[in-house]
Amino acid sequence: MATASAQPNERECPVCMNEFETPKILPCGHLLCRKCVLPLCKTNACPLCRCQIVDSPYHWMLKFKMMKIENVVNNLPTDYMMEALVQSARVLSKDPVCSTCDANNKAEFICMQCLDMMCSSCHKIHKKMSVSRSHDVESLSSVTPERLAASGPPLCADHGDKQFLFCQDHGLALCASCKDERHSQCQAVNKLDDEMISAKKSLDTLIDQVTKEEEKLKKEIAEMDSLVKDVDISRHEDMAQIDKACDRLQILVEEFCINMKRQSEASHNSSKQNLCRNKNRCSEKLASVTSHKRIIFKAKEVSPRPALIHLAKALTNRVNYVENSYHQFMTPSRVGTSCEDMVRKIEEMLNKSLMY
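Residues numbered from 1 in each chain as written. Predicted model: local features only at pLDDT ≥ 70, side-chain atom pairs only at ≥ 80, totals over all residues. Heavy atoms only, no water.

1. Re helix α4 (residues 80–93)
Rule in force here: Going along the chain from the N terminus, every DSSP run of H or I of four or more residues is numbered as a helix, and every run of E of two or more is numbered as a strand. By this rule the span expected of a helix is its residue count minus one, scaled by 1.5 Å. For each residue, the accessible area found with a 1.4 Å probe, counting protein chains only, is set against the maximum for its type, and the residue is called buried under 20%, exposed over 50%, and partly exposed in between. Working rule for contacts: check all heavy atoms of both residues, and any pair within 4.5 Å makes them a contact. Definition of a polar contact: a pair of N or O atoms within 3.5 Å, with one able to donate and the other able to accept a hydrogen when the atoms are protein atoms, and with sequence-neighbouring residues admitted only if both atoms are side-chain atoms.
Taking 1.5 Å per residue as the helical rise, α4 with its 14 residues ought to reach 20 Å, and the 20 Å between its terminal C-alpha atoms agrees with that figure. Listing the buried residues of α4 in full gives Met 82, Leu 85, Val 86, Ser 88, Ala 89 and Val 91. Residues of α4 that are buried sit in contact with β1 (23–25), β2 (31–33), β3 (109–111), β4 (117–118) and α6 (145–151). The opening residue of α4 is Asp 79, an N-cap whose side-chain oxygen sits 3.3 Å from the backbone nitrogen of Met 81.

What follows is the structure, encoded as structure tokens:
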């Protein structure tokens, strides 16, 4: 059963929108073509997530031209699997024409090792030849770029032979000719299959590691989502409580205003009534004083001498009584002043509460 193939856009660089050429793995995990990464080193920001492309020390060295941009980009790891996937997709995108016979028959099969497309007749011949008898030949309708990339053997670009060795010193896959010509003095040359098994084990370990980290991050994100919901709920509850408190405070202020006005009204009315009573008393005394004044003037003019003595004494006592009587004035209490003091205290309390 064929495996699901990658979507075409997964093999395209998000910058140039073409198929990947030497795809480089950025520190953030995104893939870009090597030629697309080069100009981005100046801004040092991934165009997809704005993360750094080059670590700060290297970026500082690039800024002062102490290191070449090409060397920095070359040090970024290459995604060889994506590179092989792109090459396999290109092979499968060709016209399905048999590359073995001259009749240009429609190809129905492909050799997973030779990468040659062939018709049914050539397929039978291919399976009988000693050189290709052990090759895997599959139907074109069931082969995906992923499967073709995984099945194709590494062939030497210089000699065309199968690579079955791996040089640890140089990190290169070798054929027999490469081993004899260039790597005969290398100390760590192992079988490619053994290195592949070791690499797969390392990948399995990495898969377990990133899977655990992925699950951990998903759990943390879920917890954050839950906390965000709790914060939203707390916010709504707090807002409702503030509205309730402010409504209550507004009612208290309105009641306080009414009571203070009533108190002020009562105090001023009482003072006014007291003043009116005192005014009436003063008016009565004024009339009495005026009347006594007339009597005194007349007594001075017409009274006989002995009678004048008795009248003067009587009027003197009467006038002294009028002069000795006094009136007490009640000043109204200023409730507004105490209200202003209370408002200042409340304002200070409210301002202090906002600081916490």
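2. Section: the side chain of Glu 195
Spelled out, the test is: When charges are tallied, Lys and Arg are placed among the positive residues and Asp and Glu among the negative ones, while His and the ends of the chain are skipped. What makes a salt bridge here is a side-chain nitrogen of Lys or Arg within 4 Å of a carboxyl oxygen of Asp or Glu, nothing more.
Relative to the helices and strands, Glu 195 resides in helix α8 (residues 192–302). We note that Glu 195 is buried and unpaired, the nearest opposite charge coming from Lys 201 at a distance of 11 Å. Side-chain polar atoms of Glu 195 contact the side chain of Gln 168, separated by 2.8 Å. Once residues lying within four places of it in the same chain are set aside, the contact partners of Glu 195 are Phe 166, Gln 168 and Asn 190.

3. Some remarks on the pattern of salt bridges
This model, assessed by the stated rule, comprises four salt bridges. We note a salt bridge from Arg 90 to Glu 19, for which the minimum N-O separation is 2.9 Å. Of this pair, Arg 90 sits in helix α4 while Glu 19 sits in the segment before β1; the two residues are 71 residues apart in sequence, bridging distant segments of the chain. For Arg 90, a relative accessible area of 37% translates into the label partly exposed. Note on Glu 19: relative accessible area 28%, which makes it partly exposed. The partner of Glu 214 in a salt bridge is Lys 218, and the shortest N-O contact between them spans 3.9 Å.

4. Brief notes about a nonpolar patch on the surface
Cut-off, in case you're wondering: For patch detection, residues must exceed 30% relative accessible area and be free of salt bridges, and they are connected within 9 Å for like charges or within 5 Å for nonpolar side chains (Val, Leu, Ile, Met, Phe, Trp, Tyr). Accessible surface is estimated by sampling points in the Shrake-Rupley manner with a 1.4 Å probe; for residues, cover comes only from the protein chains shown.
A contiguous nonpolar patch, built from Leu 249, Leu 252 and Val 253 and spanning about 240 Å² of accessible area, is present on the exposed surface. Within the secondary structure layout, Leu 252 lies in helix α8. Its relative accessible area of 37% is what places Leu 252 among the partly exposed residues.

5. Considerations on the sheet that holds β3
So the rule is basically this: Two strands are said to pair when DSSP picks up at least two bridges between them.
Sheet architecture is open: three strands sit in the order β4-β3-β5, paired in antiparallel fashion. Only two strands of the sheet have a single partner each, and these edge strands are β4 and β5 (137–139). With two bridges joining them, β3 and β4 adopt antiparallel strand pairing. Bridge pairing in β4 places Ile 110 opposite Met 117.

6. Concerning the confidence of the model for the protein chain
It should be kept in mind that the predicted coordinates are not to be read in detail where pLDDT is low. Stated precisely, the cut-off is as follows: Known as pLDDT, the predictor's confidence for each residue is given on a scale from 0 to 100.
On average, the protein chain scores 81 in pLDDT, and the residues at 70 or more come to 84%. Below pLDDT 50 for its whole length, residues 1–6 participates in 10 contacts with residues either more than four positions away or in separate chains.

7. So, the sheet that holds strand β7 (residues 172–174)
Rule in force here: Lines fitted to C-alpha atoms define the axes, with helix axes restricted to the stretch in contact, and inter-axis angles between N-to-C directions lie between 0 and 180 degrees.
The three strands lie next to each other as β7-β6-β8, forming an open sheet whose pairing is antiparallel. Each edge of the open sheet is held by one strand with a lone partner, namely β7 and β8 (189–191). Each adjacent strand pair in this sheet contributes to an overall mean axis angle of 35°, direction not counted. In this structure, strand β6 (residues 165–167) lies alongside β8, joined through three bridges in antiparallel fashion. Paired with Leu 165 across the two strands is Lys 191, which belongs to β8.

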